[in-house]
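Architecture and fold: a report
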Amino acid sequence: MEKGLRIRTRAPTTTKRGSEQGNTIDNGVQDHQDDEMEHEEPLSPFARLYHTPCLNACIVVILGFATTVDVDVLKAHFAKYLGQHRRFSSKLELDTENGKKPRWVLTKVNLDDHVIVPDVDPDTKNLDRFIEDYATDLSSRPFDLSKPLWEFHVLRIKPSNAEAIGFFRVHHSLGDGMSLVALTLSLSRKSSNPDEFPSIPTPIRKIRKSEDGGPYRYLVAIWSMLQLIWNTLVGCTLLLATIFFLKDTVTPLRSGKVDEHSPKRIAYRLVSLDDIKFVKNEMNTTVNDVIVGLTNAVLSRYLHDVYEEGSVGAKRDFDMKKLRLRGVVAVNVREAITIQDLVDMVEKGSQCKWGNVAGCILIPFHVNTEKDPLEYVRKAKLVIDKKKLSLEAKFSYYVLAGGVKILALKLIEAIMYGVIQNTTLMFSNVVGPIEEIDFCGHRLAYIAPTGRNASGHPPGLVLHFMSYMDKMSVAVFVNQDLIPNPHKLLDEFEQSLELMKKAAVQRKLNRKGLF
């Protein structure tokens, strides 16, 4: 934590520990377990990977509340709904005695061990910075394996954009971003209608219709199949090459060296989702295309400024257009899902699979100072369209999941580590609710997921995006030896989005012949 930002010892919550009804999750576990197998479940391949030394990772979701938080109400919701989910009611057993494999073991959950309300120094200054410090500290702490691997922290402070702050800290082995969205939805209701679950936008699939029903549609199908095969071959080849030898250029964003003791930091910012949608509509693209293009613009502007200033020892004696700079993007590989699928995901036997069901793709970023800011979006769309017509994400998912079962866990860990170490950044984008929601009875102002490797060696830069109502949260996790001031990156996001919006407005006016 920063000097001057102090947290006192944890204060007890207003709920008494003796009240078992409100403080304990009822998951059907008896003190004497009659059927041991019924209360045990083996770890999935990806859950095992996320407990290896280099990939041991956690997720910290920052929740900005629009109201003060009643901890008793919060616990009551957790006791009612989290009991339906085995992952949040099970502890991890890693011992392999008697031939047993690592497994989840159902256990009683005392909410006093998981819902934490620290006593914050009332003299703390700069609360926005304090929140980032707290999230950074949470991300670096190891989990206590004697209890389920999640915590919820409540800070009774009032920063500039919320009435209270919550931190949902979850080990990555419990699930991916889509799983945590599902959990959030199951614990939330629409603020306008407490009986309805929140809504999230679903992708609209465009169906190409043949004009005459003749051979045209068959030619289109053959051409699409050829593109799918080619894009998959290219993507998978580059992915394999990256594992073994294809490395990104060393830049102020990537040192090419591993230093587990380098200082790390989390920072975040809220930007306008309406502005992003305006650019999307004008360019006839998707929100994801705009975000990737925006990220490309930010990286280009940031590297150009750093090289021009000569900060952090950066010297440029090469053409920046020749830089190899790529991001590892997590991609959900579940079939098309609806809001009901997500809500049902927390229940056993759901058609929509809980856990880590995500592959990865490599996205190239072209470092160049474009005169037209919208050019970044055009190039991003070309890249993303090729990735959509590819099986690269599913290839990576099934190879890694199958590899853990067939090959040595250490080998698969080395493969994943090779991809992360030889690229520049990691990138994720999660679609959130489109209207205001109440989380466990408390209205939310914003949601900002962050994450990092708790004990491994993450890349120099990790980016997380999540939409909620009319806001988009942008969270960065940085190696401060490389990026000493993460807020400069966040400033670049705001400035680049503003430039894109102005260019899109001008383009719209020109198209209508007004200028």
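Note: the structure precedes this text.
Report follows, based on the coordinates. Predicted model, so just to flag it, every value in this text is computed and none were measured.

Quick word on the overall build of the protein
Along its length, the protein carries 13 helices and 19 strands. Across the 515 residues in the protein, those meeting the buried criterion constitute 52%. Within the protein, counting contacts between residues at least 6 apart in sequence, those at least 24 apart form 81% of the total. Within the structure as shown, the protein displays about 24,900 Å² of accessible surface, and the carbon and sulfur contribution to it stands at 54%.

Things to note about the sheet that holds strand β3 (residues 40-42)
The antiparallel open sheet is built from three strands, whose spatial order is β3-β6-β5. Because the sheet does not close on itself, it has two edges, and the strands there are β3 and β5 (90-93). The mean inter-strand angle of the sheet, taken between neighbouring strand axes irrespective of direction, is 30 degrees. Sheet analysis places β3 next to strand β6 (residues 103-106), joined by three bridges and oriented antiparallel. Looking at the pairing, Glu41 lines up with Trp104 of β6.

With respect to helix α5 (residues 177-186)
Of all the ten residues making up α5, eight are buried; the element is thus mostly covered by neighbouring parts of the structure. Among the residues making up α5, those that are buried are Ser179, Leu180, Val181, Ala182, Leu183, Thr184, Leu185 and Ser186. The residue sitting at the N-terminus of α5 and contributing the capping side-chain oxygen is Asp176; that oxygen lies 2.9 Å from the backbone nitrogen of Ser179.

A few points about the packing of aromatic side chains
Tallied over the entire structure, the rule returns 15 aromatic pairs. Aromatic pair Phe78 and Phe152: ring centres 5.5 Å apart, planes at 65 degrees, arrangement edge-to-face. Of this pair, Phe78 sits in helix α3 (residues 71-81) while Phe152 sits in strand β9 (residues 150-155); the two residues are 74 residues apart in sequence, bridging distant segments of the chain. Across the pair, exposure class does not vary: Phe78 and Phe152 are buried alike. With centroids separated by 5.8 Å and ring planes inclined at 70 degrees, the aromatic side chains of Phe465 and Phe493 adopt a geometry described as edge-to-face. Residue Phe465 is located in strand β18 (residues 461-468), and its partner Phe493 is located in helix α13 (residues 486-511); the two are separated by 28 residues in the primary sequence. With respect to burial, Phe465 and Phe493 carry one shared label: buried. Among the aromatic residues, those joined into a ring-pair cluster are Phe78, Phe88, Trp150, Phe152, Phe168 and Phe439. If you follow Arg169 out to its NZ or CZ, it ends over the ring of Phe143, 3.8 Å from the centre.

A look at the pattern of salt bridges
Applying the stated criterion across every chain yields a total of 30 salt bridges. Of the charged contacts, one joins Arg103 and Glu40 as a salt bridge, the two residues approaching to 3.5 Å between their closest N and O atoms. Residue Arg103 is found in strand β6, and its partner Glu40 is found in strand β3; the two are separated by 63 residues along the sequence. Its relative accessible area of 9% is what places Arg103 among the buried residues. A salt bridge links Lys488 to Glu492, with the nearest nitrogen and oxygen atoms 3.8 Å apart. Here Lys488 and its partner Glu492 are both found in helix α13, four residues apart, which amounts to about one turn of the helix. Several salt bridges share partner residues, and in doing so they unite Arg129, Glu132, Asp133 and Arg265 into one network.

Re the pairing of β9
Burial analysis of β9 places six of its six residues in the buried class, the great majority of the element. In this sheet, β9 lies alongside strand β8 (residues 115-120) in parallel orientation, the contact comprising two bridges. Along β9, the bridge assignment pairs Ile116 with His153. Crossover connection from β8 via helix α4 (residues 127-140) to parallel β9: handedness right-handed.

Focus on the side chain of Thr251
Take Thr251: it is sitting in the loop between α6 (216-244) and β12 (264-272). Other than its neighbours up to four places away in sequence, Thr251 contacts Leu303, Tyr307 and Leu323.

Looking at the nonpolar core
Looking at soluble globular proteins, one finds that nonpolar side chains tend to be buried together. Within the largest apolar cluster, 67 residues are counted, with the highest numbers of intra-cluster contacts made by Phe78, Phe88, Trp150, Phe152, Phe167 and Phe439. No other element matches strand β4 (residues 57-65), which puts seven residues into this core. Phe152 has contacts with Leu63, Phe65, Leu74, Phe78, His114, Val115, Ile116, Gly166, Phe167, Phe168 and Phe439, leaving out every residue within four places of it along the chain. Counting residues in hydrophobic clusters, the runner-up holds 65 residues, among them Ala57, Val271, Leu400 and Val478.

Some thoughts on the side chain of His171
Counting through the fold element by element, His171 comes out in strand β10 (residues 164-171). Here the side chain of His171 touches Ser173 through a polar contact of 2.9 Å, side chain to side chain.

So, the sheet that holds strand β13 (residues 325-332)
Strand order in the open sheet formed by six strands is β12-β19-β18-β15-β13-β14, and the pairing between neighbours is mixed. Two strands lie at the open edges of the sheet, namely β12 and β14 (358-365), each paired on one side alone. On average, each strand axis in the sheet is inclined to that of its neighbour by 20 degrees, with strand direction left out of account. Sheet topology places β12 next to strand β19 (residues 471-479); nine bridges connect them, and they run antiparallel. Paired with Val271 across the two strands is Met472, which belongs to β19. Relative to β12, helix α7 (residues 273-283) is tilted by about 65 degrees, and along the sheet it contacts β12, β18 and β19.

Let's talk about the packing of helix α11 (residues 392-406) against helix α12 (residues 409-421)
Following both chains from N to C, one finds α11 and α12 inclined at 155 degrees, their axes separated by 8 Å at the closest point. The angle between α11 and α12 places the two elements in the roughly antiparallel class. Where α11 abuts α12, its residues Leu400, Gly403 and Val404 lie against Leu409, Ile412, Ile415 and Met416. Considered class by class, the residues forming the contact of α11 with α12 number six nonpolar, one polar and no charged.

Some details on a nonpolar patch on the surface
Residues Ile222, Trp223 and Leu226 make up a contiguous nonpolar surface patch of roughly 350 Å² in combined accessible area. Note on placement: Leu226 falls in helix α6. According to the relative accessible area criterion, Leu226 is partly exposed, its value standing at 47%.

What counts and what doesn't
Residues numbered from 1 in each chain as written. Predicted model: local features only at pLDDT ≥ 70, side-chain atom pairs only at ≥ 80, totals over all residues. Heavy atoms only, no water. Helix = DSSP H or I, 4+ residues; strand = E, 2+ residues; numbered from the N terminus. Buried < 20%, exposed > 50% of the residue type's maximum accessible area, 1.4 Å probe, protein only. Contact = heavy atoms within 4.5 Å. Areas by Shrake-Rupley, 256 points an atom, 1.4 Å probe, with all protein chains shown as cover. Pairing = 2+ DSSP bridges. Axes fitted to C-alpha atoms, helices over the stretch in contact; angles between N-to-C directions. Polar contact = N/O pair within 3.5 Å; in protein donor to acceptor, adjacent residues only side chain to side chain. Phe/Tyr/Trp six-rings, centres within 6.5 Å; stacked < 30°, edge-to-face > 60°. Lys NZ or Arg CZ within 6 Å of the ring centre and 35° of its normal. Salt bridge = Lys/Arg side-chain N within 4 Å of Asp/Glu carboxyl O. Right-handed = clockwise from strand over helix to strand, strands pointing away. Core = buried A, V, L, I, M, F, W, Y, C linked by side-chain atoms within 4.5 Å. Parallel < 35°, antiparallel > 145°, perpendicular 65-115°, else oblique. Nonpolar A, V, L, I, M, F, W, Y, C, P; charged D, E, K, R; others polar. Patch = residues over 30% accessible without salt bridge, like charges linked within 9 Å, V, L, I, M, F, W, Y side chains within 5 Å.

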